[in-house]
Amino acid sequence: MLRIPASNPVNIPYSSSVTNYFELFLIPGKQYYYPMNNAHFKLDTFINDPSEAFHVARTTISSHDDLQLHNHGFAEVFWIKEGRGMHIINGHELPISKGHLCMIRPSDEHTFRLDKNHESLVVTNIAFGQESLDYFKERYFTDSDAYFWTNDNLPFLIQIDSDQLNELSAITDRLISQPRDFLHLDYIMIHVFRLLNTLQVGQLHIPHWLAYALDNYNTPEKFKDGIQGFVALTERSVDHVNRVLQQHLKQTLTETVIKARLQYACRQLIMTNSSIKTICFDCGFESISYFYRLFNKHIGQTPVQYRKKNHKVF
C-alpha cells in the first residue's frame with residue numbers, strides 16, 4: 001500500500017537507520033488524513049524522476065492513521081515486516097501479520113485497518129507499472145495464473161517464514177543506494193518469484209482463509225477443540241473445509257488436524273523438557289496409548305525414541 005503525499009511532502013533524508021532507508025511521506029499537521037471517498041493512485045505520484053521504473057518504501061502504520069481505500073494503475077507487492085492488522089481488500093477483511101506477502105493487481109481496491117490493541121504495522125512495498133507487469137508475464141509466466149495473474153477475487157497472498165522475510169528485507173535494503181531502473185526492478189522481483197517458487201506448489205493457490213487456519217492452528221487451546229478448533233479459524237462449514245483441503249493439499253480435515261498436532265508434538269519433544277504425558281494432552285489427545293500409536297505410525301518411531309534422537313541441549 002502506498003501513502004499519497006500531500007501537496008508539500010517532506011522527504012526524510014537517508015540515514016543509517018533502516019527505517020529511514022526508504023522514502024516516507026509526512027503530511028504537515030494531521031498525518032495521513034484522507035477523505036472517505038475511494039481514490040485512484042498513479043505511479044508517477046510516488047517516483048522522483050520519469051526515468052525511474054519503480055517505487056520502494058517501508059512505512060509504519062499505526063492505529064491512529066486514517067488510511068484511504070484506494071486502487072491504482074500499477075502493480076504492487078508488499079510484505080509485513082512487523083505487527084498485525086486487517087487488510088481491507090476487494091470488499092473483504094483479512095487478518096494480516098508478520099511474514100504475509102501479497103501481490104496487488106491494478107484492479108484491486110485495498111487499505112489497512114488496525115485497532116487500538118495493535119500499535120503498528122510495518123509494511124515494505126514495491127510498486128511498478130503495467131509495462132513491467134506485462135514483461136514478467138510474457139517472459140516468465142506465459143501459461144501461469146498465479147501471483148499477479150490469479151483470476152480469484154482476492155489477490156495472491158502467502159506466508160513466508162522468518163528466514164525468508166529477513167532475506168527479502170536485506171535485499172530490498174540494498175536497493176536503496178541503487179538506481180531505480182529496470183535492471184534493479186528485475187533483480188528484486190526475480191528474487192521474489194524465485195523465493196515463492198521454492199515453496200510447495202500446492203500451497204501457492206490455497207484460499208486465504210485456509211492459509212490463515214493452517215498458520216494459526218498451532219496451540220494447545222486450538223488443539224483441545226479438535227476439528228472444530230480448525231474449522232472455527234476458517235469461518236466455513238466442515239464439509240466445505242474438507243473439500244477444499246482435499247482439492248488443494250490432497251488431505252482430509254482429520255489428516256490436517258493430526259498432522260498439525262504431531263508437528264507440535266515433535267517441536268515440544270525437541271525443544272522442551274515437558275513430559276510426554278503433558279505433550280500428549282497439550283496436543284489434544286486424551287489417550288497416551290493412542291498418541292503413541294499415532295506418533296509411531298506417522299513419524300516412524302515412538303515419542304521416546306524421537307526425543308532421544310533429536311532433543312536439543314542448550
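Overview of the structure. Here the structure is a predicted model, which is why all the values come from computation and not from measurement. (Residues numbered from 1 in each chain as written. Predicted model: local features only at pLDDT ≥ 70, side-chain atom pairs only at ≥ 80, totals over all residues. Heavy atoms only, no water.)

**Overview of the packing of helix α8 (residues 253-271) against helix α10 (residues 288-299)**
Angle between the axes and distance between the axes: these two values describe a pair of packed helices. The line we're drawing: Helix axes use the C-alpha atoms of the stretch in contact, all axes being lines fitted to C-alpha atoms, and the angles between their N-to-C directions lie in the range 0 to 180 degrees. Helix and strand definitions here come from DSSP, where helices need a minimum of 4 consecutive H or I residues and strands a minimum of 2 consecutive E residues; each element is numbered from the N-terminal end. Orientation categories follow fixed angle ranges, with anything under 35 degrees roughly parallel, anything over 145 roughly antiparallel, 65 to 115 roughly perpendicular, and all other angles oblique. Residue contacts are defined here by distance: any two heavy atoms, one from each residue, within 4.5 Å place the two residues in contact.
Viewed as axis vectors pointing N to C, α8 and α10 meet at an angle of 95°, and their least axial separation amounts to 11 Å. Compared by their axis directions, α8 and α10 come out roughly perpendicular. Contacts between α8 and α10 involve I258, L262, A265, C266 and L269 from the first element and F291, L294, F295, H298 and I299 from the second.

**Observations regarding the pattern of salt bridges**
For the record, the criterion: When a carboxyl oxygen of Asp or Glu is within 4 Å of a side-chain nitrogen of Lys or Arg, the pair counts as a salt bridge. Partly exposed describes any residue whose relative accessible area lies between the buried limit of under 20% and the exposed limit of over 50%, with all areas from a 1.4 Å probe on protein chains only and scaled to the type maximum.
Summed over all chains, the structure comprises five salt bridges. A salt bridge links K98 to E82; the shortest N-O distance between them is 3.7 Å. A residue pair is termed long-range when its members are at least 10 positions apart, and K98 in the loop between β7 (92-97) and β8 (100-104) and E82 in strand β6 (residues 75-89) qualify at 16 residues. Where D108 meets R105, a salt bridge forms, and the shortest distance between an N and an O atom there is 2.8 Å. For the pair shown, D108 and R105 are each scored as buried.

**Comments concerning helix α3 (residues 182-197)**
Quick note on the threshold: The span expected for a helix works out to 1.5 Å for each residue beyond the first.
Over its 16 residues, α3 runs 22 Å from end to end, which matches the ideal 22 Å to within 8%, given 1.5 Å per residue. Considered for burial, the residues of α3 that qualify are H184, L185, I188, M189, H191, V192, F193, L195 and L196.

**A short note on unusual backbone geometry**
At N90, a position not held by glycine, the phi torsion is positive, near 50°. Following the sequence through the fold, N90 ends up in the loop between β6 and β7. Phi angles above zero are rare outside glycine, and E235 is one such case at about 60°. Looking at E235, the relative accessible area reads 70%, which means it is exposed.

**Remarks on the packing of aromatic side chains**
For clarity, the threshold we go by: Under the pairing criterion, centres of Phe, Tyr and Trp rings, with the six-membered ring standing for Trp, must be within 6.5 Å; the plane angle then separates stacked pairs below 30 degrees from edge-to-face pairs above 60, leaving the rest tilted.
As enumerated under the stated definition, the model contains 22 aromatic pairs in all. Relative to F193, the ring of F136 has its centre 5.8 Å away and its plane inclined at 70°; by these criteria the two rings are edge-to-face. On the criterion of sequence distance, the pair formed by F136 in helix α1 (residues 130-140) and F193 in helix α3 is long-range, its members being 57 residues apart. F136 gets classed as buried once you look at its relative accessible area, which sits at 0%. For F193, a relative accessible area of 4% puts it in the buried group. With 5.5 Å between their ring centres and 35° between their planes, F285 and F291 make a pair best called tilted. Each member of the pair F285 and F291 is classed as buried. An aromatic cluster is built from F128, Y135, F136, Y140, F141, Y147, F148, W149, F156 and F193, whose rings are joined through pairwise contacts.

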